[in-house]
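As a plain string of letters, each chain reads:
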Amino acid sequence: MIRTHRDDPPLTAGEAAKVAWLIARMAKRGVAGEDVDQRDLQRKLDRILDGARKRAEKAAAAASK
C-alpha cells in the first residue's frame, strides 16, 4: 500500500497510478489558466480516495474482530 498524504488512506499501486495521472492532467489544465474547470477531475480523484478509505475501514473492522 502506498501513502500519499498522512490524512489520505493507503492506496494500491493501481490507485496511486490513477491519482498521479489525474494530478498530471489537473496540472496541465492549470497551465491553461485559472478559469479552466477541473471539477470533473476532482470528482474522479475524490471517488478513488473514497473507495480507498472504505477499503481501509473494512480491513480495519475485519482485523479488530
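See the structure printed just above.
Predicted, not measured: the structure shown is a model, and the values here were computed from it.

About the cut-offs
- Residues numbered from 1 in each chain as written.
- Predicted model: local features only at pLDDT ≥ 70, side-chain atom pairs only at ≥ 80, totals over all residues.
- Heavy atoms only, no water.
- Helix = DSSP H or I, 4+ residues; strand = E, 2+ residues; numbered from the N terminus.
- Buried < 20%, exposed > 50% of the residue type's maximum accessible area, 1.4 Å probe, protein only.
- Lys, Arg positive; Asp, Glu negative; His and termini not counted.
- Salt bridge = Lys/Arg side-chain N within 4 Å of Asp/Glu carboxyl O.
- Contact = heavy atoms within 4.5 Å.

## Here's the deal with the side chain of Asp8
Thought 1: In this fold, Asp8 is placed in the segment before helix 1 (13-32).
Thought 2: No salt bridge is formed by the buried Asp8; its nearest oppositely charged neighbour, Arg53, is found at 4.2 Å.
Thought 3: Discounting residues that sit within four places of it in the chain, Asp8 has contacts with Arg3, Leu49 and Arg53.

## Quick word on the environment of Met1
Thought 1: Take Met1: it is sitting in the segment before helix 1.
Thought 2: Placed 15 residues apart in sequence, Met1 and Ala16 show a C-alpha to C-alpha distance of 9.1 Å.
Thought 3: Apart from the residues within four sequence positions on either side, Met1 is in contact with Pro10, Leu11, Thr12 and Arg55.

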